[in-house]
Amino acid sequence: MVFFGEGTESGASGTEAGAVLRARGLTKVYHMGSVDVHALRSVNLELYRGEFVVLLGPSGSGKSTLLNILGGLDVPTSGTVYFFDHDLTTADDRELTRFRREHMGFVFQFYNLIPSLTARENVALVTEISDHPLDPDDSLRLVGLGERLDHFPSQLSGGEQQRVPIARAISKRPDVLLCDEPASPSPPPGGSCRFPNGLSRASTRSTSGGDCTSRRDGGMRFS
Amino acid sequence: MSEAFAQANGLDPGDTLGAVINGRWQRLRIVGIALSPEYVYEIRGTDLFPDNKRFGVLWMSRDALGAAFDMEGAFNDVSLSLAPGAPDAMEAEVIARLDRLLEPYGGLSAYGRREQISHRFLSDEIAQNRVFGIVLPSIFLGVAAFLIHIVLSRLVGTQREQIAVLKAFGYGNLAIGGHYVRFAVVAVLAGAAVGTGIGLWWGRVVGELYAQFYRFPVRRFDAGPGAVLLAVLVSAGAAVLGALGAARRASALPPAEAMQPEPPASFRPGLIERLGLTRFFSLTSRIIVRDLERRPYKALVSTMGIALAVVILVVGHYFEDAVRHIAEVQFRNVQRDDVTIVFNDPRPARAVYEVAYLPGVLRSEPFRTVPARLRHEHRTRRIALFGLAPEGELRRLVGQDLRTIEVPSDGMVLTTRLAEILGVAPGDRLTVEVLEGKRPVRAVTVAGLVDELVGLSAYMDVRALNRLMSEGGTVSGSFLLVDPPVAPHLYSVLKRLPAVGGVSFRKAALAGFEETLATGRLSRIELHEGDPVGRGMVLARLTPVPIDARTLAQDRARLDAAQAEKRAADARVERARAALEQAQREHQRADELSSRGLKSPQEREQTELVEATYAKELEAAVFAAQAAAFQVDAARAALLAAGSVTQGADAAPGGPARSTFITVQSPIRGRVLRVLQESERVVTTALPSWSSAILPCSRSSWTSSPPMR
Ligand SMILES: Nc1ncnc2c1ncn2[C@@H]1O[C@H](COP(=O)(O)OP(=O)(O)O)[C@@H](O)[C@H]1O
Ligand SMILES: [Mg+2]
């Protein structure tokens, strides 16, 4: 059983023809020596255009694993993932790379900025290989970093560093934006979700959004 | 005159020098300085190192030299060039025919270019450089590739999350891998720029050095763009090879996995656990052992890299030590003479005793050399057959353990290498074809082997060699042991002896007298070429090398001994003179008596003979007395150097105050023609390097004057 938080800001209805992302029976098993770790077990999921979905679960419940598979960063042990009518599970490395370049945006749990590039350059690194990107300056302004364009990551505060990956992800105008605990690397006590302004604004642009965050009280569980 | 010799002796066209030609002392004028392909490396056949000061080549017109020898139109050396592209076998054929052609005229057998000394030294050097040019860069490039591999692997390790992000956003594997290869390429480009600069500069320096050492006529260092390009490409190849592993790792990194921090490295129980030795290792030692076990390949390569670095060190030191060891064995155990003299032609054995009377000679041991071809079955080798004095001290045969091997009274001793070449063992008989005189061909037994480190030699007892040659006691030259202070004087005497064709002074002997005779350290000469000097003007200052008490005592003892010897020699002169006068009177009386018919002509002749004998004796005694007088002078000079030097304050402004110095003053008014020794160094008396250089037209008078203090 999977529980999905329903996106409230979604303007589109779930009845629209065909899901953007459709997962069927997703299973991911990690072989750790003699023990098998089932990170995912028969996950079924559909994400529709304009939807904003929040995925909640305790640490180690498989949220990151699921996002990685949906984003084409990893392949499931079994099960299928469709992006529209493209089967991602049979795609090879090269096709997955292209799929990510053309359709996916990520905000990772860790900022993963290139320390030797300024905020603008970190964003430009992504827009350079995108087809219809936003101007890096604009996307940085969207997340409130208009004054920090030429700062290196080491010259940014922790909160500012947190927002650069968001600008980076939205600047390429991806079809799907996947955010893995974008609010903070570790969930604050109480587990309330806190979305940066930029993210909530950016995800209104007719983009499907998958978002996951963990709650200590275990608001969901896999079976 | 050959350039190296001219430079070492400060000679220029227009200068004159004396030379013994066909037994006559002649003055020669230098008309030009030249180089010859036969003496690119100017070295005497028997030497280990070139001695440009004492060995040089003079070229004269064949007519003039022929006339000096009363042998117009004759020749004793001929060089041939083979037709271009002639096969190797042709050389052997030409040599064989040439030998047959020249044998009736006393030909010493021809040899190919490979055996030509200068050529061999030079081509050996070039071959060695080629090896070094390949081996050293290979090692360096290998280490560089390994370093690049390590550095980039680490970089990939620390940047795995960044790699993951780039991949997540759609950067391909190739782009990521290429990114890390470009790191290496940047390093190569920077290294290539710096390396090319240093390489060109260093190449020029080394080229210059070689041109100077070998006297190449052209001093140009050429490194075309091709060479630079090749070097850069080879370096880039090595760097990319080193980077490839890291680049592959980066491109193979699964993005999802890279997102997480690197999982702890996997460890398994290893050797020490299986052997049950765990408890003998401290925890920190276990870390080391297990780390090494986990990446055995990496540990191996690291070890190899360090091993190669050690190899470079060891090999470098090995070569240094080997050369030193060879020189030490050669000069301490084998060639123990200070001076080797070679007569123009073989001489009767008593020549050795005449040599023994020369000033400063402490001991003289004769030797006989005969050019010969040794033959065993189909193998032959042309060598100089050495006849050594039995129980000789100055030239010894030394086994591998450095123990002396006595020259057997019969048979021949070969160096091990020569025996290998000829395929003989002790007890075998080989054929000796002498290439001199009546050219006897004899069978000789191999009596033993010696392990000499240099050269190929065959030795016999000098008497056995004389027998083989069917000649009476005959010698080719002599090994001399020399009293160091007298060595320079002996050298000038030997140079003028008509019978002596070649003199080779051991560097050590010279260094020895440099040490004992050194008057001091020559301060930097401030005069420049062309400066006018007045009479009495100070030209140079010498700070005496401090002489210790032991040297002083030795000098004193030497003076005492020399004085005693001189008194004995003087007494002998007196006795000889008295005996001669007595003989002259006898002779006179015999003349008178025989003219009056009172004495038979035989009796008169007898007194004449006696008189002649005593005259000879007096001559020898006078010579000995002169030598003794010189020894006294030399000993006194050495003592004077220690004691009575000019006292004075150091005039050097601001310099550390030195207590005493010796000044060298100009004896005449003139102009400085050349400053041969400008910078500071220890100089000795009679070294023309500083004394002769300064004054015009006084070179000969200064160098031949007695030691000046
Ligand atoms: N690369 C991996 N190798 C082995 N086990 C893994 C790996 N990645 C994740 N896991 C395991 O899968 C489970 C789910 O992990 P994850 O998806 O990161 O959880 P979440 O993001 O919900 O905290 C965990 O138990 C984790 O230990
Ligand atoms: Mg996670």
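Computed from a predicted model, the values in this text were never measured in an experiment.

S.K.: Please clarify how the overall build of chain A should be interpreted in this entry.
M.R.: Helix and strand content of chain A: six helices and eight strands. When the helices and strands of chain A are read in sequence order from the N terminus, they spell out β-β-β-α-β-β-α-β-α-α-α-β-α-β. Taking all 223 residues of chain A together, the buried fraction comes to 50%. A separation threshold of at least 6 residues defines the contact pool for chain A, and within that pool the share at least 24 residues apart is 73%. Carbon together with sulfur atoms contributes 49% to the accessible area of chain A, which is approximately 10,800 Å² in total.

S.K.: Looking at this structure, I do not really get the overall build of chain B. What am I missing?
M.R.: Helix and strand counts for chain B come out as 20 helices and 19 strands. When contacts within chain B are restricted to residue pairs at least 6 apart in sequence, those whose partners lie at least 24 apart make up 72%. For chain B, the exposed area adds up to about 40,900 Å²; of that, 59% sits on carbon and sulfur atoms.

S.K.: So what exactly am I meant to see when it comes to a positive patch on the surface here?
M.R.: On the surface, B:R154, B:R249, B:R294, B:R295 and B:K298 cluster together to form a positively charged patch. Counting through the fold element by element, B:R294 comes out in helix α10 (residues 283-294).

S.K.: Could you clarify how one ought to interpret the sheet that holds strand β4 (residues 78-83) of chain A in this entry?
M.R.: Through backbone hydrogen bonds, the strands of a sheet pair up, either in parallel or in antiparallel fashion. Residue and element names in this part refer to chain A. On the basis of which strands lie adjacent, the open sheet formed by four strands has the order β2-β1-β4-β5 and antiparallel pairing. Among the strands making up the open sheet, the edge pair consists of β2 (35-47) and β5 (86-87). Summarising the sheet, strand β1 (residues 21-32) and β4 pair through five bridges and their orientation is antiparallel. Looking across to β4, one finds that R22 is bridged to Y82.

S.K.: What should I look at first to understand the pattern of salt bridges in this one?
M.R.: Should the charged atoms of two oppositely charged side chains come close, the side chains can pair. All names here are of chain B. Under the counting rule described, the total for this entry stands at 31 salt bridges over all chains. Here D321 makes a salt bridge to R324, at a shortest N to O gap of 3.6 Å. Here the residue D321 and the residue R324 both occupy positions in helix α11 (residues 296-334), the gap between them amounting to three residues, near one helical turn. Judged by its relative accessible area of 41%, D321 is partly exposed. With a closest N to O distance of 3.8 Å, E393 and R396 form a salt bridge. One salt-bridge network, in which partners are shared between bridges, spans D99, R373, R375 and E433.

S.K.: What exactly am I supposed to notice about a nonpolar patch on the surface here?
M.R.: Residues and elements named next belong to chain B. Taken together, the side chains of F132, L136, F140, I306, V310, V311, I312, L313, V314, V315, Y318 and F319 make up a nonpolar region of the molecular surface, amounting to roughly 1,100 Å² of accessible area. Among the secondary structure elements, those contributing two or more residues to the nonpolar patch are α4 (117-158) and α11. Residue position: L136 is located in helix α4. Overall, L136 belongs to the partly exposed group, its relative accessible area being 32%.

S.K.: Hey, could you run me through the pairing of strand β9 (residues 429-434) of chain B in this one?
M.R.: Residue and element names in this part refer to chain B. One ladder, built from four bridges, connects strand β4 (residues 361-376) with β9; its direction is antiparallel. Looking at β9, one finds that R373 is bridged to E433. Where β9 hands over to strand β10 (residues 441-450), the hairpin turn is made up of six residues, of which G437 adopts a positive phi near 55°.

S.K.: Is there a simple way to think about helix α3 (residues 88-102) of chain B in this case?
M.R.: Think of an α-helix as turning once every 3.6 residues; residues three or four places apart then point the same way. Residue and element names in this part refer to chain B. An ideal rise of 1.5 Å per residue puts 21 Å on 15 residues; α3 measures up with 22 Å between its terminal C-alpha atoms. Looking at α3, one finds that the buried residues are I95, L98 and D99. One face of α3 carries all of its buried residues, which in axial projection span an arc of 100°. Those residues of α3 that are exposed and aimed more than 90 degrees away from the buried face are A89, R97, R100 and L101.

S.K.: I keep staring at the layout of surface pockets and nothing clicks. Help me out?
M.R.: Unfilled space is identified by rolling a water-sized probe across the atoms. Residue and element names in this part refer to chain B. In this structure, the second largest pocket spans a volume of roughly 1,500 Å³. Residue contributions to the lining of the second largest pocket peak at 13 residues, all from helix α6 (residues 173-214). Looking at the lining of the second largest pocket, its residues break down into 27 nonpolar, nine polar and two charged.

S.K.: What exactly am I supposed to notice about α4(B) here?
M.R.: All names here are of chain B. For α4, with 42 residues, the first-to-last C-alpha span of 61 Å sits near the 62 Å given by 1.5 Å per residue. Within α4, burial applies to S118, L122, I139, A145, F146, I148, L152, S153 and V156. In this structure, the buried side of α4 is in contact with α5 (160-168), α6, α7 (225-252) and α11.

S.K.: I tried to follow the interface of chain A and chain B on my own but got confused; where do I start?
M.R.: Accessible area lost upon the coming together of the parts is a frequently used measure of interface size. On the side of chain B, 14 residues touch chain A, which itself brings 23 residues to the contact. Of the roughly 1,600 Å² buried between chain A and chain B, counting both surfaces, carbon and sulfur atoms make up 64%. Of all residues in chain A, A:L73, A:N112 and A:I129 give up the largest surface area on contact with chain B, accounting jointly for 28% of the area buried on that side. At the boundary of chain A with chain B, the tally comes to zero salt bridges. Applying the counting criterion to the chain A and chain B interface returns four residue pairs in polar contact (both at pLDDT 80 or more). For the side of chain A that touches chain B, the secondary-structure elements that each account for two or more residues are α2 (93-103), β6 (104-107), α3 (119-127) and α5 (158-171) of chain A. Considering every element that reaches the side of chain A that touches chain B, the biggest residue donor is α2(A), with four residues. In the side of chain A that touches chain B, the residues fall into twelve nonpolar, four polar and seven charged.

S.K.: What should I look at first to understand the environment of B:A569 in this one?
M.R.: Residues and elements named next belong to chain B. Examined against the element boundaries, A569 turns out to sit in helix α17 (residues 549-595). A relative accessible area of 10% places A569 in the buried class. Taking the C-alpha atoms as reference, A569 lies 7.1 Å from A628; in sequence the two are 59 residues apart. The residues contacting A569, other than those within four sequence positions of it, are A624, A625 and A628.

S.K.: Looking at this structure, I do not really get the packing of α4(B) against α7(B). What am I missing?
M.R.: The packing of two helices is summarised by the inter-axis angle and the distance between the axes. All names here are of chain B. Between α4 and α7, the shortest axis-to-axis distance is 8 Å and the interhelical angle comes to 25°. Here α7 runs roughly parallel to α4, going by the angle between their axes. Handedness of the crossing formed by α4 with α7: right-handed. Between α4, through L141, A145, I148, H149, L152, S153, V156 and G157, and α7, the contact on the second element is made entirely by V234, S235, A238, A239, G242, A243, G245, A246, R249 and A250.

S.K.: When you look at the pairing of β2(A) in this model, what are you seeing that I'm missing?
M.R.: The two faces of a sheet get side chains in turn, since along a regular strand they alternate between them. Where β1(A) meets β2(A), nine bridges bridge the pair, whose relative direction is antiparallel. From the neighbouring strand, A:A23 faces β2(A), where its bridge partner is A:L45.

S.K.: Please explain the site of ligand 1 as it appears in this structure.
M.R.: Near ligand 1, the surroundings consist of 13 residues, among which A:G60, A:G62, A:K63, A:S64 and A:T65 are the closest. Ligand 1 sits at a junction of chains, with neighbouring residues supplied by chains A and B. Between ligand 1 and the protein, one listed contact pairs an oxygen atom with a backbone N or O atom of A:K63 at 2.9 Å. With the chains in place, 73% of the 560 Å² that ligand 1 exposes on its own is no longer accessible. Looking at the shell around ligand 1 residue by residue, the class counts come to five nonpolar, seven polar and one charged.

S.K.: I keep staring at the side chain of B:E611 and nothing clicks. Help me out?
M.R.: All names here are of chain B. Take E611: it is sitting in helix α18 (residues 601-642). Of the buried charged residues, E611 lacks a salt bridge, with R604 as the closest side chain of opposite charge at 8.5 Å. Ignoring any residue separated from it by four or fewer positions in sequence, one finds E611 in contact with L580, A583, Q584 and H587.

S.K.: Would you explain the confidence of the model for chain B in this entry?
M.R.: In low-pLDDT segments, the atomic positions of the prediction should not be examined closely. All names here are of chain B. On average, residues of chain B carry a pLDDT of 79, and 83% of them reach 70 or more. Residue range residues 644-659 is modelled with pLDDT below 50. Its contacts to residues more than four positions away, or to other chains, number 19 contacts. Note that pLDDT drops below 50 for residues 684-709; the model gives that stretch 55 contacts with residues more than four away or on any other chain. Taken together, the chains of this predicted complex give a pTM of 0.58 and an interface ipTM of 0.79.

Rules used throughout
- Residues numbered from 1 in each chain as written.
- Chains lettered and ligands numbered in written order.
- Predicted model: local features only at pLDDT ≥ 70, side-chain atom pairs only at ≥ 80, totals over all residues.
- Heavy atoms only, no water.
- Helix = DSSP H or I, 4+ residues; strand = E, 2+ residues; numbered from the N terminus.
- Buried < 20%, exposed > 50% of the residue type's maximum accessible area, 1.4 Å probe, protein only.
- Contact = heavy atoms within 4.5 Å.
- Areas by Shrake-Rupley, 256 points an atom, 1.4 Å probe, with all protein chains shown as cover.
- Patch = residues over 30% accessible without salt bridge, like charges linked within 9 Å, V, L, I, M, F, W, Y side chains within 5 Å.
- Salt bridge = Lys/Arg side-chain N within 4 Å of Asp/Glu carboxyl O.
- Lys, Arg positive; Asp, Glu negative; His and termini not counted.
- Charge placed at Lys NZ, Arg CZ, Asp CG, Glu CD.
- Pairing = 2+ DSSP bridges.
- Expected span 1.5 Å × (residues − 1).
- Arc of directions from axis to C-beta.
- 1 Å grid on protein atoms, 1.4 Å probe; cavity = no way out; pocket = protein on both sides within 12 Å on 5 of 7 lines; lining within 4 Å.
- Points joined across faces, edges and corners; volume = space filled by probe spheres on them.
- Nonpolar A, V, L, I, M, F, W, Y, C, P; charged D, E, K, R; others polar.
- Buried area = accessible area lost by both parts, 1.4 Å probe.
- Polar contact = N/O pair within 3.5 Å; in protein donor to acceptor, adjacent residues only side chain to side chain.
- Axes fitted to C-alpha atoms, helices over the stretch in contact; angles between N-to-C directions.
- Parallel < 35°, antiparallel > 145°, perpendicular 65-115°, else oblique.
- Left-handed = near helix turned anticlockwise from the far one by under 90°.
- Near = heavy atom within 4 Å.
- pLDDT = per-residue confidence, 0-100.

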